[in-house]
Structure formats: structure tokens, C-alpha cells
Amino acid sequence: MSMRETRAALEPVVSILRQAGFWAYPLYGDEGWLVACDTESGRIDVRIGTDGYLVEVWDVSPGLYFDEEDERKRAVKERLARLTLSRLVETIRHAPVTDTERLLREAWWDEAAHGVGLRIGLEIPFNASASLPELVTDLLERLNELLERLEERLLD
């Protein structure tokens with residue numbers, strides 16, 4: 001699919017999400033055209049997938065250890081969190097327990113925000129585009145629940 005065709009195929013997504021109250025906009029990024037939305041609950045990216053729309057939600061939860069006043073202790077805790085996070089993600093990928101864990105695309109430690117970043121997503125058929133507003137709302141809720149659970153594990 002050409003870049004022009006991709007952008008045209010994403011225009012209905014922009015309309016559907018805007019009608020539902022999301023501030024959706026087309027964006028050209030490293031992977032080509034996508035529809036992006038920034039919400040208080042997280043960010044939404046919709047791309048053309050292999051057989052439909054690839055819908056991903058992601059966010060970074062900043063400042064996991066900002067309450068630690070000793071800078072050296074905070075650095076040690078963050079280093080331990082990075083190592084633990086990679087093991088947690090590996091465990092989740094090998095044996096997902098919940099449906100949300102099966103949707104996990106990526107997890108990372110964000111150096112700038114000093115917190116956990118997480119991306120989940122799935123692909124839906126093109127003819128299911130009318131359900132996008134409900135789907136992204138559900139995915140954002142799941143994203144935040146999984147972020148909270150991962151942070152709890154890192155704080156243990």
C-alpha cells in the first residue's frame with residue numbers, strides 16, 4: 001500500500017475517533033502514517049496492520065522513586081527496577097496470566113520520566129472500525145491496570 005493509500009485508509013479512523021470526542025490526528029512517523037490521540041489516560045496509535053487496523057495504546061508512568069531524597073539510593077532503585085522489569089516482561093510473554101498480558105507489545109524503563117513505559121495492542125478487522133471508541137477506552141483502562149500492577153511488583 002502506498003503512503004497516499006495508507007493515509008486515505010486511515011481517514012475514517014480520524015473521523016470516528018473525533019466524533020467520539022477524541023482529539024485524533026494523522027501523523028507521519030518512523031513507520032509511516034498513523035492516527036494518533038493523546039488522552040489523560042494514555043496515548044493511542046492506529047496503523048494499518050496486516051489484515052485490519054493495528055490499535056495500540058501506550059503511556060509512561062513517571063517518577064516511580066521520586067519520593068527517594070537520596071539521589072544515589074534513587075539511582076540504585078531505578079537500576080534494580082530496570083533489571084526486574086525486563087524479567088517481569090519475559091515472564092509475562094512466556095506465560096501470560098490475563099487477557100491484558102496477552103496484548104503486551106512492549107515495556108521499558110523511561111530514563112527521562114524515571115518510570116515504567118508500557119504498550120499494549122491488537123489488530124481489528126477494517127469493518128470493525130465503528131467499535132474503535134469503545135475499544136480504545138477499554139484498552140486504555142487495561143493499560144493503566146497493567147502499569148499499576150507492574151509498578152506494584154517493582155516496589156515490592
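Residues numbered from 1 in each chain as written. Predicted model: local features only at pLDDT ≥ 70, side-chain atom pairs only at ≥ 80, totals over all residues. Heavy atoms only, no water.

Attention shifts here to the overall build of the chain. In terms of regular secondary structure, the chain is built from 4 helices and 6 strands. Sequence-ordered secondary structure for the chain, helices as α and strands as β, is α-β-β-β-β-α-α-β-β-α. Counting only C-alpha atoms and orienting by the principal axes, one finds that the chain spans roughly 50 × 30 × 30 Å. Expressed as a percentage of its 156 residues, the buried residues of the chain come to 45%. Within the chain, contacts between residues separated by at least 24 positions form 56% of all contacts whose residues are at least 6 apart in sequence. Split by element, the accessible area of the chain, about 9,300 Å² in all, is 49% carbon and sulfur. (Helix = DSSP H or I, 4+ residues; strand = E, 2+ residues; numbered from the N terminus. Buried < 20%, exposed > 50% of the residue type's maximum accessible area, 1.4 Å probe, protein only. Contact = heavy atoms within 4.5 Å. Areas by Shrake-Rupley, 256 points an atom, 1.4 Å probe, with all protein chains shown as cover.)

Attention now moves to the pattern of salt bridges. Evaluation of the coordinates by the stated rule reveals 13 salt bridges. A salt bridge links Arg-47 to Glu-31; its shortest N-O distance comes to 3.4 Å. Placement of the pair is Arg-47 in strand S3 (residues 43-48) and Glu-31 in the loop between strand S1 (24-29) and strand S2 (32-38), with a sequence separation of 16 residues. Measuring nitrogen to oxygen at the nearest pair gives 3.2 Å for the salt bridge that ties Arg-47 to Glu-56. Using a relative accessible area of 8% as the deciding quantity, one classes Glu-56 as buried. Because the salt bridges share partners, they merge into one network encompassing Glu-31, Asp-45, Arg-47, Glu-56, Glu-106 and Arg-119. (Salt bridge = Lys/Arg side-chain N within 4 Å of Asp/Glu carboxyl O.)

Structurally, Val-136 can be placed in helix H4 (residues 132-155). Considered as a pair, Val-136 and Val-89 are 47 residues apart in the sequence and their alpha carbons are 22 Å apart.

A few words now on the pairing of strand S4 (residues 52-61). Of all 10 residues in S4, 10 are buried; the element is thus mostly enclosed. Sheet analysis places S3 next to S4, joined by 6 bridges and oriented antiparallel. Looking across to S4, one finds that Asp-45 is bridged to Glu-56. The antiparallel pairing of S3 with S4 creates a hairpin that spans 3 residues between the two strands. Alignment of S4 against strand S6 (residues 115-125), held across 10 bridges, turns out to be antiparallel. Bridging across to S6, Leu-54 finds its partner in Glu-123. (Pairing = 2+ DSSP bridges.)

Let's shift gears to the pairing of S3. In this structure, S2 lies alongside S3, joined through 4 bridges in antiparallel fashion. Of the residues in S3, the one forming a bridge with Asp-38 is Arg-43. In sequence, S2 turns back onto S3 through a hairpin of 4 residues, with Gly-42 there showing a positive phi of about 150°.

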